[in-house]
Every structure is written in structure tokens, then in C-alpha cells.
Amino acid sequence: MPLLFKGQMRSVTLIGLLVVALLAGCSTTDTFEQPKPVPDISATVELESVWTMGVGEGHDDKFLYLAPLNAGDMLYASSAEGEIWAVDPENGAVAWYQDLDEDITAGVGGDQGNLYLVTRDAQLKALSRQDGTELWEQPLPNEALASPQSNGRLVVVQTIDGKVLAFNTNGGEKAWQYDSNVPVLSMRAAASPLVGADLVLASLANGKLMALSTESGQPVWQYEVGQPQGRTELERLVDVAGEPLILESAAMVVGYQGKLALVDLQSGQEIWSRKESSLQSPMIGNGNIFVAGADGNITAYRGSDRRELWVQDRLSWRQPTQPIVYGDYLLVGDYEGYIHMLSLEDGSLQGQLEFDDDGLRVPFQRLQNGNLLVYGNSGEMSVLKIRERD
């Protein structure tokens, strides 16, 4: 996972000892952990393609998170070079295409009328959902990696320097700005803000989940997901890089070198927590909780008491994506572009698909028709469905 130094106007990837130390668990005394090889399994289930298409050059070898927007009746996907597609999720037919002729670092977010994205020169752009034409743009104080999110009245974007900004969706006038404290060193990753009618939930690099008033941007409450510890900046990393999972009146959140917790949405009070370390959002299915650990291990917890049910360690250090429950299986992608299918019951590996040689980074998504949307780093976008093997 690339890192980011405080104060950078444009992020860079660190190499050498920093990356070695990070992958070793952010301890200068640990040894470098090699990713485990692709598991050799006897498959009982497989994924087959419904349709597939190329979305330009995808992430174009940049460390981006350009997840498609699933709007139900339409998919909106972008490439790093500023190409935008509106695609029918049933058959992959392209409804419209636009080339902005500008590089993109974050997108696509949207509401009933607009699409939103952020360019490499830190411009927040609003486009028409009907044909992709530009409606307005506003400058940001720094670049953004997470897609802007909207409740229809406001669009909210979070920049890499810890600022959360809200703009009116009609015309783009700035409504408010919240500034958080940013650590000297943080992950080059960020969660999109969750924008509700009353609250905006922002996951921050300082280890906090912050609830802001949608109306004013003022803090309502904050919850400490991780507390920096250790002597070095690497040891003190506590980024919350995955979006909270909303469960009725509570939010489930997990952080790097922090904890997995359930927090009351109104008060920010902790309902329960347990030690955990992850850069991905948690997942719920069949009454259980699934977490892709920072070390690559996939863990299932019983929802009623958070008791550990099983751990799948054959994907260690393979940089798994957020897990998704799909039928009787739990699916994750990895840095080499493989999709792994795990049994929900015991975590055993039941299927495998080599999808994209450039790797997988953005989460998979379930479509309204029950099929699975997958977007690879190279720009390959496919809708897949499950098939039991004879």
C-alpha cells in the first residue's frame, strides 16, 4: 500500500524500506512478509461472464480506486484518463460516452440528477446523468482519492489533506468545510464520506470516524477507531480507509491497527468492539461479520457475540479487496487479479478465477438482478454469475 506524507500537494508512492516495513506490519523489527502463492484448489463452483467491456486504460498503473457507480438501472464507469461510460447493467450496451480530456483521481459518485468526480488538478466536476455533459466545477484545496457522495442536496468530497467539503448540487456553491488533523504519514487510500439527511460520516487518516452536521459541517460526535502507538510514524499508522457499514441505527467500522466496532449513529457511543486491523470495509452476511485483514487473512465472526468462527490464511499478504457475500460464498479479489470464492460456512476455498493481470482493488458490487459487477485495474469491467460445477 503506497504511503502519503503530510503536506504533499500530489501524492507519491514510497519504495524500498518504507514499503518493506509497512508490509511487515509497520514494525521496524519485523521481517518482510511475502504474499502467499495463488492457492491450488479443487474447485466446486465457478464464475461465468454475462458480458464484459474495456473501460479505457482503467487505473492506468496509478494507485486509484475508480469504482463504477451502480445506479440500479445504469452503471457509470470512468478511466484514469477521464473517459466516462454509461452502461446498461443487463447487457453491457453503452448508453453514452464522454471524454473529459482530463485525468481523474476520484469518481464516480452520483445522485438522481448528477454524476460527480475529481480531476487530477483537484477540480470537483458535476456531470449530467443523461449524457455526461459538464454542469459545473469547483476547485478543491487538494486532490481526492475517494469518490464524492451526495444526498441530492449536497455533494461531499474528502481530500487527501483531511478536509471534508460540501457543495450545493444545484450550481456547485460551497456550503461548508471541515478540517481534520492529518498524521505526518498516512496510507494512499481513503473512504468515501457517507452523506445522509442529517449526518455526514467521514473516515479519517487520524484513526477517527467523524459525524458532521449535514446542514453546517460542525462536528456532532467522533469515535476513535484506532489510537496511534509506537515510536515511528509507520508504527503509528491508524488510517480508517474503509467506509462504515450502516446497520439501521448503528455504523460498523474497522481501522488499520485499530479495532472493529459498532457505534450508535445518534450519539457515537460504542456498542461493542474488538481488536482488528483492516484497510477494507467489513461485510455482513447470514448473521456473521467478515473482515479482510491487513495481513490478507479473511476472518469470520459470529454476529451475536463476535466470536471467531474461522480464519482463511491461504491468502495472506495478497492485499484482498473488501469481501462480498454472494449466494453461499464469500468473494474477495487480490493484487494479482484473482477472484477467490470461500465457503461461508468454514472459509474453505471453493472456486477461483484469474480476472485481471493488473490486479483488483475496488470492491465487487451486487446488481439488482443478482449478478456480480467486477472492475479490474486494467479497465476490464465484467458482470459475472455463479455456476456450480458438475
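Please read all numbers here as calculations on a predicted model, not as lab measurements.

The rules we used
- Residues numbered from 1 in each chain as written.
- Predicted model: local features only at pLDDT ≥ 70, side-chain atom pairs only at ≥ 80, totals over all residues.
- Heavy atoms only, no water.
- pLDDT = per-residue confidence, 0-100.
- Contact = heavy atoms within 4.5 Å.
- UniProt positions renumbered as here; feature names shortened; annotations may be inferred.
- Helix = DSSP H or I, 4+ residues; strand = E, 2+ residues; numbered from the N terminus.
- Salt bridge = Lys/Arg side-chain N within 4 Å of Asp/Glu carboxyl O.
- Buried < 20%, exposed > 50% of the residue type's maximum accessible area, 1.4 Å probe, protein only.
- Core = buried A, V, L, I, M, F, W, Y, C linked by side-chain atoms within 4.5 Å.
- Domains from an automatic or database assignment.
- Pairing = 2+ DSSP bridges.
- Axes fitted to C-alpha atoms, helices over the stretch in contact; angles between N-to-C directions.
- Phe/Tyr/Trp six-rings, centres within 6.5 Å; stacked < 30°, edge-to-face > 60°.
- Lys, Arg positive; Asp, Glu negative; His and termini not counted.

Our focus in this paragraph is the confidence of the model for the protein. Summary statistics for the protein give a mean pLDDT of 91 and a share of 92% for residues scoring 70 or more. Counting interchain partners and residues more than four positions distant, the pLDDT-below-50 stretch residues 7-31 has 53 contacts.

Another point: the UniProt feature "domain: Pyrrolo-quinoline quinone repeat" (unreviewed entry) in the protein. Following the UniProt record, the feature "domain: Pyrrolo-quinoline quinone repeat" (unreviewed entry) maps to residues 81-311 here. For residues 81-311, the helix share is 0%, the strand share is 50%, and the end-to-end C-alpha distance is 39 Å.

This part is about the pattern of salt bridges. Counted by the stated rule, this structure contains 15 salt bridges. In this structure, Glu102 and Lys125 form a salt bridge, with 3.1 Å as the shortest nitrogen-oxygen distance. Linking Glu102 in the loop between strand 6 (94-99) and strand 7 (104-110) with Lys125 in strand 9 (residues 123-128), this pair joins segments that are 23 residues apart in sequence. Glu102 gets classed as partly exposed once you look at its relative accessible area, which sits at 24%. The residue Lys125 makes a salt bridge to Glu137 at a minimum N-O spacing of 2.5 Å. Highlighted residues: Lys125 in strand 9 and Glu137 in strand 10 (residues 134-139), separated in sequence by 12 residues. A residue is classified by how much of its surface remains accessible, and Lys125, at 2% relative accessible area, is buried. Owing to a relative accessible area of 37%, Glu137 belongs among the partly exposed residues under this scheme. Each of Glu46, Glu48, Lys385, Arg387 and Arg389 takes part in salt bridges that share partners, so that together they form one network.

A cis geometry characterises the amide bond from Gly107 onward to Val108, with omega recorded as 5°. Looking at the secondary structure, you find Val108 in strand 7. One non-glycine residue, Asn286, lies in the positive phi region at around 55°. Relative to the assigned elements, Asn286 resides in the loop between strand 24 (283-285) and strand 25 (288-292). Given a relative accessible area of 63%, Asn286 falls into the exposed group.

The subject of this paragraph is the nonpolar core. Core analysis: the biggest nonpolar cluster contains 41 residues, and Tyr76 and Met381 have the highest contact counts within it. Secondary-structure elements contributing two or more residues to this core are strand 2 (45-54), strand 4 (75-78), strand 5 (83-87), strand 7, strand 8 (114-119), strand 15 (185-187), strand 33 (372-375) and strand 34 (380-388). For this core, the two domains that each supply at least three residues are domain 1 (36-64 + 284-389) and domain 2 (104-242). Dropping the residues within four chain positions of it, Met381 is found in contact with Trp51, Thr52, Met53, Val55, Pro68, Ala77, Val87, Leu373, Val374 and Tyr375. One finds Leu47, Ile324, Ile339 and Leu384 within the second-largest nonpolar core, a separate group that totals 14 residues.

Here we take up the sheet that holds strand 31 (residues 349-354). What the 4 strands build is an open sheet, ordered 28-29-30-31; its pairing is antiparallel. This sheet does not close on itself; its edge strands, each paired only once, are strand 28 (324-326) and strand 31. Averaged over all adjacent pairs, the angle separating strand axes in this sheet is 25°, with direction ignored.

Alignment of strand 13 (residues 163-168) against strand 14 (residues 174-179), held across 5 bridges, turns out to be antiparallel. Bridged to Phe167 within strand 14 is Lys174. Hairpin geometry of strand 13 and strand 14 is characterised by an intervening segment of 5 residues between the two adjacent antiparallel strands and by a positive phi of about 105° at Gly171.

What follows covers the pairing of strand 9. Summarising burial for strand 9: 6 of the 6 residues are buried, a large majority. Neither face of strand 9 is open: one carries Gln123, Lys125 and Leu127, the other Leu124, Ala126 and Ser128, and all of them are buried. Linkage of strand 8 to strand 9, two consecutive antiparallel strands, is achieved through a turn of 3 residues, within which Ala122 is found at a positive phi near 65°. Where strand 9 lies against strand 10, 5 bridges are found, and the strand directions are antiparallel.

As for its position among the elements, Phe355 is in the loop between strand 31 and strand 32 (365-366). A relative accessible area of 8% means that Phe355 is categorised as buried. Considered as a pair, Phe355 and Asp334 are 21 residues apart in the sequence and their alpha carbons are 9.9 Å apart. Aside from chain neighbours lying at most four places away, what touches Phe355 is Gly337, Ile339, Leu360, Val374, Gly376, Glu380 and Ser382.

The next point concerns the sheet that holds strand 12 (residues 154-158). Spatially, 4 strands are ordered 11-12-13-14 in an open sheet, and the strand pairing comes out antiparallel. Each end of this open sheet is capped by a strand with a single partner; those strands are strand 11 (149-150) and strand 14.

The next point concerns the packing of aromatic side chains. Remark: the centre distance and the inter-plane angle together describe each pair of aromatic rings, the angle taken between the planes. Under the counting rule described, the total for this entry stands at 5 aromatic pairs. Geometrically, the ring pair formed by Phe63 and Tyr65 is edge-to-face, given 5.7 Å between the ring centres and 75° between the ring planes. The same class applies to Phe63 as to Tyr65, namely buried. With a centroid separation of 4.9 Å and an interplanar angle of 55°, the aromatic rings of Trp85 and Tyr97 are classed as tilted.

Secondary-structure assignment places Glu83 in strand 5. Comment: no salt bridge for buried Glu83; closest opposite-charge side chain is Lys62, at 11 Å. What Glu83 contacts, discounting residues up to four positions off in sequence, is Gly56, Glu57, Ala77, Ser78, Tyr97, Gln98 and Asp99.

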